[in-house]
Amino acid sequence: GWLAVGSRDKMLDLFDTRATPYHKVCECAGHSSAVHHLDWAEDSSWIQSCSSDYELLFWKAPALPEAPASGPAVAVRPHTK
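Everything in this summary refers to the structure shown in the same document. All of these numbers come straight from a predicted model, not from anything done at the bench. (Residues numbered from 1 in each chain as written. Predicted model: local features only at pLDDT ≥ 70, side-chain atom pairs only at ≥ 80, totals over all residues. Heavy atoms only, no water.)

## Details of the pattern of salt bridges
Short version of the rule: Whenever a carboxyl oxygen of Asp or Glu lies within 4 Å of a side-chain nitrogen of Lys or Arg, that contact is scored as a salt bridge. The rule is simple: take the accessible area with a 1.4 Å probe, protein chains only, and divide by the maximum for that residue type; under 20% is buried, over 50% is exposed, in between is partly exposed.
In total, this model carries 3 salt bridges according to the counting rule given. Two residues, Asp16 and Arg18, come together in a salt bridge whose shortest N-O distance is 3.0 Å. Assigned by exposure class, Asp16 and Arg18 land together as buried. The structure contains a network of salt bridges with shared partners spanning Asp13, Lys24 and Glu27.

Okay, here's the thing in structure tokens:
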């Protein structure tokens with residue numbers, strides 16, 4: 001599965017949670033101030049993020065690669081309502 005993390009450095013980072021420790025797979029740049037909120041689409045294909053200056057951005061989530069050799073894949077259906 002994926003873990004999305006917003007931060008004060010104006011970035012949205014994506015981590016592969018199937019690896020131990022988690023492996024950062026990409027950094028999404030585009031906000032002009034700190035990222036405070038984010039949410040996944042129910043099907044995990046998009047992420048929306050909001051920064052402290054109320055800027056709302058949408059990000060196309062990458063497809064998950066095959067599970068790493070170090071451990072089994074974990075089935076996750078992330079979404080918020």
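## Quick look at unusual backbone geometry
Keep this limit in mind: Secondary structure elements are defined from DSSP: runs of H or I of at least 4 residues count as helices, runs of E of at least 2 residues count as strands, and each element is numbered from the N terminus.
Of note, the bond from Thr20 into Pro21 is cis; its omega dihedral lies within 30 degrees of zero at -5°. Checked against the element boundaries, Pro21 lands in the loop between β2 (11-16) and β3 (23-29). Even without being a glycine, Lys10 presents a positive backbone phi close to 70°. Of note, Lys10 is situated in the loop between β1 (2-6) and β2. Relative accessible area serves as the criterion here: at 39%, Lys10 is assigned to the partly exposed category.

## Focus on the sheet that holds strand β5 (residues 46-51)
Applicable threshold: Between any two strands, at least two bridges found by DSSP are needed for them to pair. The axes used here are C-alpha line fits, helices contributing only the stretch in contact, and every angle between their N-to-C directions lies in the interval 0 to 180 degrees.
Spatial strand order, β4-β5-β6: 3 strands in an open sheet with antiparallel pairing. Unpaired on one side and paired on the other, β4 (35-40) and β6 (56-60) mark the two borders of the sheet. The sheet shows a mean angle of 25° between the axes of neighbouring strands, taken without regard to direction. The pairing of β4 with β5 spans 5 bridges and is classified as antiparallel. Along β5, the bridge assignment pairs Val35 with Ser51.

## Quick notes on the side chain of Ser45
Note the cut-off: The term polar contact refers here to a pair of N or O atoms within 3.5 Å; inside protein, the definition further demands a hydrogen-donor-capable atom paired with an acceptor-capable atom, and it admits residues adjacent in sequence only when both atoms are side-chain atoms. We call two residues in contact whenever any of their non-hydrogen atoms come within 4.5 Å of each other.
Tracing the backbone shows Ser45 in the loop between β4 and β5. Under the relative-accessibility criterion, Ser45 is labelled buried at 17%. Among the polar contacts made by the side chain of Ser45, one reaches the side chain of Asp43 at a distance of 2.6 Å. Non-local contacts of Ser45, meaning those with residues more than four positions away in its chain, are made with Trp59, Lys60 and Ala61.

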